[in-house]
Amino acid sequence: MKQRKQNGKSAGIERRAMPRRSWNVPAKICLNGTFLAVCVVKDISCTGARLLLDAEAMNLKEFHILLPGFKVPVKAETVWENGTLRGVRFIPNNEAGDFEHA
């Protein structure tokens, strides 16, 4: 784990397995094949993302995210919440643990 900085000061230990990169891209949240809401992917890694959510999607624990450039929605599980921000872990769609990317 590495030390994380916020405003030039130590903000604690970075706990993510993979580093995230800023993305700031709109995506769609779906549940059981039904569109529920639009979100903004604030940052992303191969294992998860930080989302800015609309109120309609606030109470979901597991859902699918339709990301630009992906063939199918990616299953996601909420791991933390803070107001309208949510950290999610991606759940692979197949046994090999791969995501279908365009």
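Numbering of residues starts from 1 in each chain and follows the order in which that chain's sequence is written. In view of the model being predicted, local features appear only for residues whose pLDDT reaches at least 70, and side-chain atom pairs are presented and counted only at 80 or more, with totals across whole chains, interfaces and linings using the full set of residues. Computation of side-chain values: all heavy atoms of the structure, hydrogens and water removed.

**Looking at the nonpolar core**
Residue types Ala, Val, Leu, Ile, Met, Phe, Trp, Tyr and Cys, when buried and joined through side-chain atoms within 4.5 Å, form a set referred to as a nonpolar core. Note on exposure labels: buried denotes an accessible area under 20% of the residue type's maximum, exposed denotes more than 50%, and partly exposed covers the range between, all computed with a 1.4 Å probe on protein chains only. Of all hydrophobic cores here, the largest spans 19 residues; its most connected members are Leu51, Phe63, Ile65, Leu67, Val88 and Phe90. Going through the elements one at a time, β3 (21–31), β4 (34–44), β5 (48–53), β6 (62–66), β7 (74–82) and β8 (85–91) are the ones with two or more residues in this core. Broken down by element, this core gets its largest block of residues, four residues, from β4. Here a residue-residue contact requires only that any non-hydrogen atoms of the pair lie within 4.5 Å. The contact partners of Leu67, leaving out residues within four places of it in the chain, are Trp23, Ala27, Val41, Ile44, Val74 and Phe90. Only DSSP runs of H or I reaching four residues or more are called helices, and only runs of E reaching two or more are called strands; each is numbered from the N terminus.

**With respect to the sheet that holds β3**
Should DSSP find at least two bridges between two strands, the strands are taken to pair. Reading around the circumference, β3-β4-β5-β8-β7-β6 is the order of the six strands in this closed barrel, with antiparallel pairing throughout. The mean angle between the axes of side-by-side strands here comes to 45 degrees, regardless of whether they run parallel or antiparallel. Across three bridges, β3 lies against β6 in antiparallel orientation. Pairing of Ile29 across the sheet is with Ile65, part of β6. Only the stretch in contact is used when fitting a helix axis, every axis being a line fitted to C-alpha atoms; angles between N-to-C directions are given from 0 to 180 degrees.

**Observations regarding the pairing of β8**
Here β8 lies mainly inside the structure; five of its seven residues are buried. As paired elements, β5 and β8 share five bridges and run antiparallel to each other. For Ala49, the partnering residue across the bridge sits in β8 and is Val88. In the sheet, β7 pairs with β8 via seven bridges, with the strands oriented antiparallel. Bridging from a neighbouring strand, Lys75 pairs with Ile91 of β8. If you look at the hairpin formed by β7 and β8, you'll find two residues sitting between the two strands, and Gly83 has a positive phi there, around 65 degrees.

**So, the pattern of salt bridges**
By salt bridge we mean one thing: a side-chain nitrogen of Lys or Arg within 4 Å of a carboxyl oxygen of Asp or Glu. Summed over the entire model, instances satisfying the criterion amount to four salt bridges. Of the charged contacts, one joins Glu62 and Lys75 as a salt bridge, the two residues approaching to 3.5 Å between their closest N and O atoms. Of this pair, Glu62 sits in strand β6 while Lys75 sits in strand β7, placing them 13 residues apart in sequence. Looking at Glu62, the relative accessible area reads 37%, which means it is partly exposed. Judged by relative accessible area, Lys75 falls into the partly exposed class, the value being 28%. Arg86 is the salt-bridge partner of Glu81, the closest N and O atoms lying 3.5 Å from each other.

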